[in-house]
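Structural characterization, general
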Amino acid sequence: MTKLGIAIHGGAGTIRKSQMSLPKENNYREGLKEALLEGWKYLNENKSSVDAVERAVEVLENNSLFNAGRGSVFTNSGKHEMDASIMNGSNLDAGCVSNISNVKNPIRLARSIMDCSEFVYLNGRGAEEFARQMNLDFESDEYFFDKYRHEQYIDAIKENKVKLDHSGDPYSSETKLGTVGAVALDNKGNLAAATSTGGITNKKYERIGDSSIIGAGTYANNITCAVSCTGQGEFFIRTVAAYEVSALMEYRQLSLEEACNIVVNIKVKEIGGDGGLIAIDKDCNISLKFNTEGMYRAYISSNSDIYIGIYS
Ligand code: ASP
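Residues numbered from 1 in each chain as written. Predicted model: local features only at pLDDT ≥ 70, side-chain atom pairs only at ≥ 80, totals over all residues. Heavy atoms only, no water.

**Quick word on the confidence of the model for the protein**
This prediction gives the protein a mean pLDDT of 93; 95% of its residues lie at or above 70. Across the protein, element-level confidence peaks in strand β7 (residues 218-220) with a mean pLDDT of 99 and bottoms out in helix α6 (residues 147-159) with 82. Below pLDDT 50 for its whole length, residues 168-176 participates in 34 contacts with residues either more than four positions away or in separate chains. (pLDDT = per-residue confidence, 0-100. Helix = DSSP H or I, 4+ residues; strand = E, 2+ residues; numbered from the N terminus. Contact = heavy atoms within 4.5 Å.)

**Some words on the packing of aromatic side chains**
One pass over the full model with this rule turns up eight aromatic pairs. For the ring pair F66 and Y296, a centre distance of 6.3 Å and an interplane angle of 85° mean the geometry is edge-to-face. Of the two residues, F66 sits in the loop between α2 (49-61) and β2 (82-88) while Y296 sits in strand β11 (residues 294-301), which places them 230 residues apart along the sequence. Judged by its relative accessible area of 0%, F66 falls in the buried class. Of the residues examined, Y296 reaches a relative accessible area of 0% and is grouped as buried. With centroids separated by 5.3 Å and ring planes inclined at 25°, the aromatic side chains of F74 and Y153 adopt a geometry described as stacked. With a gap of 79 residues between them, F74 in the loop between α2 and β2 and Y153 in helix α6 connect regions that are remote in the sequence. Look at F74 and you get buried, because its relative accessible area is 4%. For Y153, a relative accessible area of 11% gives the class buried. Aromatic rings pair up to connect Y28, F66 and Y296 into one cluster. (Phe/Tyr/Trp six-rings, centres within 6.5 Å; stacked < 30°, edge-to-face > 60°. Buried < 20%, exposed > 50% of the residue type's maximum accessible area, 1.4 Å probe, protein only.)

As structure tokens, then:
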């Protein structure tokens with residue numbers, strides 16, 4: 001029988017139960033559940049894994065609790081510059097976008113680049129121009145304004161620090177997290193992955209993280225797995241983290257769990273990186289790994305009921 005599965009994340013980092021109020025925790029759980037079940041519904045309607053991950057990420061982008069789309073953090077110049085990518089494991093098609101402002105759903109733009117352009121990666125103003133040609137929705141700066149994010153930004157400016165949205169020192173402890181992502185397996189055995197982020201607070205010089213980079217923050221290949229990462233992007237780029245999980249499976253015949261563990265707890269960790277990832281393989285095994293205190297995460301599959309987790 002064909003197996004279906006989907007996993008999502010909403011960022012990894014310093015997430016402590018002691019610092020979380022019950023209503024806030026419930027809001028996060030609800031946000032994760034809504035996105036997960038949307039993706040799951042798509043899979044059960046025989047839609048593709050690409051459709052399912054795009055949809056789950058879109059729902060998370062529309063939720064200002066998460067650092068993606070509407071809830072994106074502020075850059076040094078007080079703007080929102082968002083990055084996203086999507087990959088189809090059946091043919092290695094991919095779409096990536098970075099440094100875009102005012103596009104309501106960056107993941108839809110990444111999908112349009114994959115499906116409707118001859119390119120893989122578009123950046124900045126050019127990407128926005130393409131979004132207009134694709135008739136994608138744009139929103140005003142007010143739509144992206146969030147009081148909490150703005151406070152984070154003011155603090156970061158005062159301290160003259162780049163702040164990762166989700167980590168402790170040297171980036172300072174934050175409770176409001178995360179980059180979002182989804183991975184899925186559909187009824188044709190096709191895998192897909194998608195990731196979307198506002199990046200890190202107070203970022204400058206049009207900095208780009210791992211989330212829009214195929215192989216670093218996102219990767220999918222039907223012969224192995226689909227992966228979406230979250231954490232200090234620089235470390236995930238340097239370890240080519242998402243692809244490394246796939247390579248360990250392909251060339252060393254490791255299980256999904258072993259490969260994810262090596263990448264998160266050894267490769268990324270040993271060069272000083274904090275974060276985590278979610279992954280699903282062609283047999284519908286799911287792995288959610290993080291080396292931080294918590295990661296917003298959820299999954300559901302033919303093998304298991306819904307699971308939602310926050311703390312380690
Ligand atoms: N990986 C993202 C970046 O570096 C941030 C995050 O996952 O929170 O842009």
